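# A look at the structure
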Amino acid sequence: MKRTLKTLAAMAGIALLLHACSTGKNSVTNPRNNNDDQKIDANTACYIQLNDGTVKKFRSLKLVTGVMVTPHLLADGKVKIYAGEIKSYLNNEHFAVSQSALTNPRNSCVAVETLPGFAVRIIKGKLNVYRKKFYNGQHAVDEYYVQSGDDGQIIPYSAKVMVDLLKDNPEASKFFNNKKNKGNSSKLLITAVQLFNNDQLMSKN
């Protein structure tokens, strides 16, 4: 009798172990299992989104650059990921998108803060702002893109674009159109978008 009980307990333990392994495997191969709306949760782990839309999560993602080194991400200290393989990624430093996701991008091979040709999101809210670096012949310089909501097109920043995006927010619109503030275009953009996003946030509370 004792032997039978021991055998049954062992079999039950093996069954539980196999079930746990199976569950773990599914969560790795399909990281969207827990996302019923199929959206990426940008507040969870580091991840990449492949060109086919598949999302893979990692514990760490580090940008690797150097002499005689093709810039790439190193996931969990061992998996190399190159710019042409992915649409976007999130690590502990920023969220970035490929220039293929941008509208009318200036092609770039500069890898300073992110993968070559990728744009880093520097403001997130009702309006998002992205920064991409390109080489102007002498230096790596910044160009900016804006996006209305998370599903809008990511379009090049211009005064005309901003006038349209800010028209429903008097404070942000007034600040952006004030000739006294026209000196530094990047500072003007960032401050105007922050005013817009803060007002949207307060209006919801």
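Residues numbered from 1 in each chain as written. Predicted model: local features only at pLDDT ≥ 70, side-chain atom pairs only at ≥ 80, totals over all residues. Heavy atoms only, no water.

### Side note on the overall build of the protein chain
A tally of helices and strands in the protein chain yields four helices and 11 strands. In the protein chain, the proportion of contacts linking residues at least 24 apart, taken out of those at least 6 apart, comes to 39%. Looking at the protein chain as shown, the accessible area adds up to about 13,200 Å², and 53% of this sits on carbon and sulfur atoms. (Helix = DSSP H or I, 4+ residues; strand = E, 2+ residues; numbered from the N terminus. Contact = heavy atoms within 4.5 Å. Areas by Shrake-Rupley, 256 points an atom, 1.4 Å probe, with all protein chains shown as cover.)

### A look at the pattern of salt bridges
Side chains carrying opposite charge are able to pair once their charged atoms draw close together. Scanning all chains against the criterion turns up six salt bridges. A salt bridge links D150 to K124, with the nearest nitrogen and oxygen atoms 3.2 Å apart. With a gap of 26 residues between them, D150 in the loop between β10 (140–148) and β11 (154–156) and K124 in the loop between β8 (119–123) and β9 (127–135) connect regions that are remote in the sequence. Close ionic contact of D142 with K133 constitutes a salt bridge, the shortest N to O distance being 2.6 Å. On the basis of relative accessible area, D142 is assigned to the partly exposed category, the value being 34%. Taking the relative accessible area as the measure of exposure, K133 reaches 18% and is therefore buried. Linked by salt bridges that have partners in common, R106, K132 and E143 make up one network. (Salt bridge = Lys/Arg side-chain N within 4 Å of Asp/Glu carboxyl O. Buried < 20%, exposed > 50% of the residue type's maximum accessible area, 1.4 Å probe, protein only.)

### A few points about the sheet that holds strand β5 (residues 79–82)
Taking strand neighbours across the sheet as the criterion, the three strands line up as β3-β4-β5 in an open arrangement whose pairing is antiparallel. On the outer flanks of this sheet lie β3 (61–64) and β5, each paired with one strand and no other. Each strand of the sheet is rotated relative to its neighbour by a mean of 30 degrees, with strand direction disregarded. With four bridges joining them, strand β4 (residues 72–75) and β5 adopt antiparallel strand pairing. Bridge pairing links L73 to I81 in β5. (Pairing = 2+ DSSP bridges. Axes fitted to C-alpha atoms, helices over the stretch in contact; angles between N-to-C directions.)

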